[in-house]
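Residues per chain are reported as follows:
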Protein chains: 2
Amino acid sequence: MIDACICTIGDEILIGQVLDTNSSHLAVALEEAGIHVKRMISLGDDKVEISTILKRELAQNAIVISTGGLGPTKDDITKAVLGEISGAKSMVTHPGQLEMVHKILQSRGLDVLPSNLAQAEVPDTAEVIVNRLGTAPIMVFRHVQGGGTLYALPGVPHEATGAIPSVMQDIRHHQPLDSIRHRNIMVYGIAESALSEQIAPWEDALPADMHLAYLPNPLTGIRLRLSIYGGDAREQEVRMEQQLDQLKTLLGPLMYADTDSDLETTVGELLKAAGKTLSLAESCTGGEIAHLITSVPGSSAYFLGSVTSYAIPVKESVLGVSPALIREKGVVSSEVAAAMAEGVRRLTGSDYAVSTTGLAGPAGDECNPVGTVWIGVAGPKGTRTVSYCYKNDRKRNIERFAASALNFLRLTLQNELNH
Amino acid sequence: MIDACICTIGDEILIGQVLDTNSSHLAVALEEAGIHVKRMISLGDDKVEISTILKRELAQNAIVISTGGLGPTKDDITKAVLGEISGAKSMVTHPGQLEMVHKILQSRGLDVLPSNLAQAEVPDTAEVIVNRLGTAPIMVFRHVQGGGTLYALPGVPHEATGAIPSVMQDIRHHQPLDSIRHRNIMVYGIAESALSEQIAPWEDALPADMHLAYLPNPLTGIRLRLSIYGGDAREQEVRMEQQLDQLKTLLGPLMYADTDSDLETTVGELLKAAGKTLSLAESCTGGEIAHLITSVPGSSAYFLGSVTSYAIPVKESVLGVSPALIREKGVVSSEVAAAMAEGVRRLTGSDYAVSTTGLAGPAGDECNPVGTVWIGVAGPKGTRTVSYCYKNDRKRNIERFAASALNFLRLTLQNELNH
């Protein structure tokens, strides 16, 4: 396994103004390719600091990826340092990136200033990968001072993320990487420790060239990633498939996708395939489920809308939940969750409807502890409800409530649409 | 100015599974105290690596703060390394943290296992700050190997964040920090460059001991932070206040708060103080505004609810927008935005209502380019609308739409409630 270091450059990271997300995206891509990320370093726009750290890391790692420090402003001095440490004699203009600078500024209706033209200049020691998302080029410096190869990426997050495929392709082309293949299984509704116990016999019997990783996330559940090392591509695919078939049987309805996905995408695919529509009645989740559903491009094909009924009178007047029911059963109850889901289904005319009513925090009420949620799903085959109690803070309770509601909907759809 | 380094420890960061947010929170606190964060390093659960990096950084920085590597599982080897590099002779149990271990496990209904008891053990070179949010103690190692002081914090984000006040207090008590005071002004609705031009005469005339920083954020606008160094506390407060009064006059309605805040909190405070209620009709923002409003604890005092009308029939049937109006003016129009706001205000009986209708992407329609939004605010004094066009991707367009809608509501409330 070869080692890599990720360096993010910029004072705005060191004062905590900007959260560094580039490192994490780069790390995912490197790790999936079987490259060992040894460390990540964030450093400031300081010439000596950048030079010292990059030289040290290039001596210790086969690959160093930097982001940031390539903009047209005076703070951005990385390019000069890169020229210096790679022994460049002069700066040269890269025609492909120059064309891109003109194209991008034109599309934004801006004049091309000298500082913009300078963006297309690189040290003569650099190979350039044209950046199609911004004006600063992606630069490759091979075997700097006899050591590792440096990939210098722009710092703007969508430009850095956009550069990842080209960078990974270049790495694969130049480095003797172990062949590695991954398959993902998405699981929701079980704790990591319980899942590990449930699939232990299968996991323990895995062949030596296969490895399973547990990658948990509060909003998407647990991603199980099966990796296989080396061997013939087609043959290994078949062997993986056989193992995955066994795993799927063991998991049953705990599995919601057999590729890297999330609950809102899976729910969307189920609805779209069946030509069914969805509406929501959210109380304690306050719009979070609608936000997740509509974050999927194309969701307008199945999502009709939602009512966030934070106040009790809105539950009564808009959703038609009976005041007597609320008085009798309490607003956080199975009956009210059912009535809310049925109410919004009637109101919007959707095929399916999901509701939430609960206490996200900071406090509980006289009937229920903080963290309690009732979820309802109403559909053509009737209404079902379920309850959970989580012990997190407000923000994380809302996330868990929303994910649990999406999962309850997913289970209902899988049950009703496939039969 | 003294230097600091932040080290986050854990393999889960290096494979990109977990986004490191601890570094950013620590950086904010250190920077506000006038401490220079020189670098941030993320490293794996590897004994040699942890030892090498911590020793190197302690030799170069007065303060090193580490998070992570203190859990009860076998991966977590930081504590042994810390003992080693600080010259500890044995491990000792800290009574205060031991009591906390029992308390926390009891409250979760769990048995106390030997691995839990070991959590309260620390190297005899450590001073302990009791962690009240988790079982692993906060440890302080002063002048390790004659160099800087190491603060070792748990890695769990809310425990690390929770430890910051005690750590900062300890730093202030032991380090000769320059006195520094900050005041924040929140601004929304102007680009950073335009703002800088508008307040240039004032900024250029600032006394030498005052400094202004621009801290932009897509959801909250620009935070202007005025800092003052040294001097007598009371006297400096007065001088700052005088400068801020001038700045506020220059900013006019661009300023929405004179303390570190956000739009949803400001809107909540305005509504609460006036005893007014709010409802929402969201189309293109798909629940994002409701999500922001309800993320403020206590929002149930003024937020009645919202309708996310993604589909046109829901705009018609639930919000009562006339089909003829939609046909004639288009669904993304001033008239439909107004009708949506008025519709949800009528439906919920709220004092104020906000609506959005627009195109977040990926595509525009035949009438409007992608990134177009119409925002409506309906209230007791009538209905007003405004339109913007942003050029971002779907996710960022939704954020900008939501922030712009909150700001338009804020301006309306400030106008109508104070007169």
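Residues numbered from 1 in each chain as written. Chains lettered and ligands numbered in written order. Predicted model: local features only at pLDDT ≥ 70, side-chain atom pairs only at ≥ 80, totals over all residues.

## What to know about the overall build of chain A
A tally of regular secondary structure across chain A gives 16 helices and 17 strands. Dimensions along the principal axes, computed over C-alpha positions, put chain A at roughly 80 × 55 × 40 Å. Across the 419 residues of chain A, 46% fall into the buried class. (Helix = DSSP H or I, 4+ residues; strand = E, 2+ residues; numbered from the N terminus. Buried ≥ 20, exposed ≤ 12 C-beta atoms within 10 Å, placed from the backbone.)

## Quick notes on the pairing of strand β15 (residues 352-358) of chain A
Residues and elements named next belong to chain A. Burial runs high along β15: seven of the seven residues are buried. Every second residue of β15 is oriented toward a common face, with Tyr352, Val354, Thr356 and Gly358 on one face and Ala353, Ser355 and Thr357 on the other, all of them buried. Pairing analysis gives five bridges linking strand β13 (residues 278-282) to β15, with the strands arranged parallel. Along β15, the bridge assignment pairs Leu280 with Val354. Pairing between β15 and strand β16 (residues 372-379): six bridges, direction antiparallel. Bridge assignment links Val354 to a residue of β16, and that residue is Val377. (Pairing = 2+ DSSP bridges.)

## What about the sheet that holds β16(A)?
Judged by pairing direction, the sheet is mixed, and its 10 strands sit side by side in the order β17(A)-β16(A)-β15(A)-β13(A)-β14(A)-β14(B)-β13(B)-β15(B)-β16(B)-β17(B) without closing on themselves. Each edge of the open sheet carries a strand with a single partner, namely β17 (382-389) of chain A together with β17 (382-389) of chain B. Taken over all neighbouring pairs, the strand axes of this sheet differ in orientation by 10° on average, direction set aside. Helix-sheet contacts for helix α16 (residues 394-417) of chain B involve β15 (352-358), β16 (372-379) and β17 of chain B, and the interaxial angle to β16(B) is about 30°. (Axes fitted to C-alpha atoms, helices over the stretch in contact; angles between N-to-C directions. Contact = placed C-beta atoms within 7 Å.)

## As for the relation of the copies chain A and chain B
Turning chain A through 180° and shifting it by 0.0 Å along the axis lays it on chain B, with an RMSD of 0.1 Å. Viewed as a symmetry operation, the transformation between the two copies matches a two-fold axis. A share of 100% of the interface residues of chain A reappears at the interface of chain B, consistent with the copies meeting face to face through the same patch. (Least-squares fit on C-alpha atoms with pLDDT ≥ 70 in both.)

## So, helix α2 (residues 22-32) of chain A
Of all the residues in α2(A), the buried ones are A:Asn22, A:Ser23, A:Ser24, A:Leu26, A:Ala27, A:Leu30 and A:Glu31. Where α2(A) is buried, its residues contact β1 (3-9), β2 (36-43), β3 (63-67) and α7 (157-174) of chain A together with α1 (11-14) of chain B. Positive backbone phi, at 80°, marks A:Gly34, one or two positions downstream of α2(A).

## A closer look at the environment of B:Trp374
Residues and elements named next belong to chain B. Considering the arrangement of structural elements, one finds Trp374 in strand β16. Judged by the 28 C-beta atoms lying within 10 Å of it, Trp374 is buried. Once residues lying within four places of it in the same chain are set aside, the contact partners of Trp374 are Val332, Ser333, Ser334, Ala337, Thr357, Gly358, Thr385 and Ser387.

## Side note on the interface of chain A and chain B
Each partner contributes residues to the interface: chain A has 45 residues there, and chain B has 45 residues. Contributing elements (two or more residues each) for the side of chain A that touches chain B: α2, β2, α12 (288-294), β14 (303-309), α15 (334-348) and α16 (394-417) of chain A. In terms of residues, the side of chain A that touches chain B owes the most to one element, β14(A), which gives seven residues. Residue classes in the side of chain A that touches chain B are distributed as 21 nonpolar, 18 polar and six charged. (Nonpolar A, V, L, I, M, F, W, Y, C, P; charged D, E, K, R; others polar.)

## Observations concerning the sheet that holds strand β6 (residues 127-129) of chain B
With mixed pairing, 12 strands are arranged side by side in an open sheet as β6(A)-β7(A)-β8(A)-β3(A)-β1(A)-β2(A)-β2(B)-β1(B)-β3(B)-β8(B)-β7(B)-β6(B). Two strands in the sheet have a free side with no partner beyond their single neighbour: β6 (127-129) of chain A together with β6 of chain B. Taking the axes of each pair of neighbouring strands and ignoring which way they run, one obtains an average angle of 20° across the sheet. Lying over the sheet, helix α3 (residues 47-60) of chain A contacts β1, β2, β3 and β8 (149-153) of chain A, oriented at roughly 170° with respect to β1(A). Packing against the sheet, helix α3 (residues 47-60) of chain B makes contact with β1 (3-9), β2 (36-43), β3 (63-67) and β8 (149-153) of chain B, and its axis sits at approximately 170° to β1(B).

## Structural notes on the pairing of strand β7 (residues 138-141) of chain B
Residues and elements named next belong to chain B. Of the two faces of β7, the one holding Ile138 and Val140 and the one holding Met139 and Phe141 are both buried throughout. Pairing geometry for β6 and β7, over three bridges, is antiparallel. Directly across from Glu127, in β7, lies its bridge partner Val140. As paired strands, β7 and β8 are joined by three bridges and run antiparallel to one another. Among the inter-strand pairings, Val140 is bridged to a residue of β8, identified as Tyr151.

## Side note on the domain arrangement of chain A
For chain A, the assigned domains are domain 1 (3-174), domain 2 (180-257) and domain 3 (264-417). Summarising the inter-unit geometry, the C-alpha centres of domain 1 of chain A and domain 2 of chain A are found 35 Å apart. (Domains from an automatic or database assignment.)

## Some words on the nonpolar core
Counting 131 residues, the largest nonpolar core has A:Ala341, B:Val187 and B:Ala341 as its most contacted members. Core analysis: the second largest hydrophobic core is formed by 87 residues, A:Cys7, A:Phe141, A:Ile171 and B:Ile13 among them. (Core = buried A, V, L, I, M, F, W, Y, C linked by C-beta atoms within 7 Å.)

## Section: unusual backbone geometry
Phi is positive for A:His143, close to 45°, though the residue is something other than glycine. Along the chain, the position of A:His143 falls in the loop between β7 (138-141) and β8.

## Quick look at the packing of helix α11 (residues 263-274) of chain A against α16(A)
Residues and elements named next belong to chain A. Axis separation between α11 and α16 bottoms out at 9 Å; the angle between their running directions is 30°. It follows that α11 is roughly parallel to α16 by the angle criterion. The hand of the α11/α16 crossing is left-handed. Between α11, through Leu263, Glu264, Thr266, Val267, Leu270, Leu271 and Ala274, and α16, the contact on the second element is made entirely by Ala403, Leu406, Asn407, Leu409, Arg410, Leu413, Gln414 and Leu417. In the contact of α11 with α16, the residues fall into 10 nonpolar, three polar and two charged. (Parallel < 35°, antiparallel > 145°, perpendicular 65-115°, else oblique. Left-handed = near helix turned anticlockwise from the far one by under 90°.)

## Observations concerning the packing of α3(B) against helix α4 (residues 78-85) of chain B
Residues and elements named next belong to chain B. The interhelical angle for the contact between α3 and α4, taken along N-to-C directions, is 45°, at an axis separation of 10 Å. Looking at the two axes, α3 sits oblique to α4. Note on packing geometry: the crossing formed by α3 with α4 is right-handed. Only Thr78, Val81, Glu84 and Ile85 of α4 make contact with α3, whose side of the interface consists of Lys47, Ile50, Ser51, Leu54 and Lys55.

## Here we look at the environment of A:Lys89
All names here are of chain A. Among the structural elements, Lys89 can be located in the loop between α4 (78-85) and β4 (91-93). Given 9 C-beta atoms within a 10 Å radius, Lys89 is considered exposed. Sequence separation between Lys89 and Pro123 is 34 residues; the distance between their C-alpha atoms is 7.5 Å.

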